[in-house]
Amino acid sequence: DLLRWLYDHAPIARSEVRKLIRASVGEREIAYRGLRWRCHPRDNAVERSLWLKAATVEEEEIDWLTGRLGPGSVFCDIGANCGVYALSVRAATGAKVVAIEPNPTMRERLAANLKLNDLDGVAVIAAAVGETAGRLRLAMGSRWDFGQASLVDRPSSAGIDVDVLPLGDILREQGIARADAVKIDIEGFEDRALGGFLRDSSDGELPSSLVIEHLHSKMWATDLHALALSRGYALAKRTANNFLFTR
């Protein structure tokens, strides 16, 4: 549509033009990976990318995962956003999916996309992942990108309190002994969510595939790259956004 063309062709330097366009864009329905998606380009970078290009910046990662999973597999999506990984993997492979998303706005959009496609086999978990169970403050981040919500302390950001559960507890509550693949993208909290699980799980409980976002790795107290290698993983590839590990 015209707004999409204007946004895509607005000079990068004229960010105010793009802000005006974002503010005026309402809900849009698009097609992506054979599925229907209800997108909100105004306030989420992932959905904005779907609206602009019918693609994300992580197509390689999604293809890599779908090539490694199939019916009977289990995929755990930590920080599921609007469901790009969760729905794409479920539709392409038939794997059971556990989609974990503490942000209620993004969780509603994930549920809406599942309903729009009449897609089952995806358990949506209303919680965040951490080392111990409890409650933490989820900072909501920029009004232009709800996907930036994070459990990393941001004193100046508005936020909400959310439930936090260890990954192992979530899997056990779903009757899952082992996930075959885990993807995690939670804005700098990856080490606190996944570190304990990688350290404490038995060899038989560890996933064979990991996709770990590294864009905020300077915030990590635990080096997940080194930890993964110490647990027998090999780095299959480092993309612009993620580490891809196999075991």
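Residues numbered from 1 in each chain as written. Predicted model: local features only at pLDDT ≥ 70, side-chain atom pairs only at ≥ 80, totals over all residues. Heavy atoms only, no water.

Caption draft 1: Representation of the sheet that holds strand β8 (residues 159-165). A sheet is described by the order of its strands in space; here 3 strands give the open sequence β6-β8-β7, paired in mixed fashion. Lying at the two open borders of the sheet, with one neighbouring strand each, are β6 (128-129) and β7 (134-139). By the bridge criterion, 6 bridges tie β7 to β8 in an arrangement that is antiparallel. Counted as the bridge partner of Arg135 is Asp163 from β8. (Pairing = 2+ DSSP bridges. Helix = DSSP H or I, 4+ residues; strand = E, 2+ residues; numbered from the N terminus.)

Caption draft 2: Up close: the packing of helix α4 (residues 59-66) against helix α5 (residues 84-93). Packing of α4 against α5 leaves a shortest axis separation of 10 Å and a crossing angle of 35°. Crossing geometry of α4 relative to α5 is assigned as right-handed. Here Glu61, Ile62, Leu65 and Thr66 of α4 lie close against α5, whose contacting residues are Val84, Tyr85, Ser88, Val89, Ala92 and Thr93. In terms of residue class, the contact of α4 with α5 is made up of 6 nonpolar, 3 polar and 1 charged. (Axes fitted to C-alpha atoms, helices over the stretch in contact; angles between N-to-C directions. Left-handed = near helix turned anticlockwise from the far one by under 90°. Contact = heavy atoms within 4.5 Å. Nonpolar A, V, L, I, M, F, W, Y, C, P; charged D, E, K, R; others polar.)

Caption draft 3: Seen up close, the pairing of strand β12 (residues 242-246). Most of β12 is tucked away, with 5 of its 5 residues classed as buried. In β12, alternate side chains face the same way, and those of Asn242, Leu244 and Thr246 on one face and Phe243 and Phe245 on the other are all buried. Note: strand β10 (residues 209-213) against β12, 5 bridges, orientation antiparallel. Along β12, the bridge assignment pairs Glu213 with Asn242. Note: strand β11 (residues 234-238) against β12, 4 bridges, orientation antiparallel. By the bridge assignment, Lys237 is partnered in β12 with Leu244. Where β11 folds back onto β12 in an antiparallel hairpin, the turn is made up of 3 residues. (Buried < 20%, exposed > 50% of the residue type's maximum accessible area, 1.4 Å probe, protein only.)

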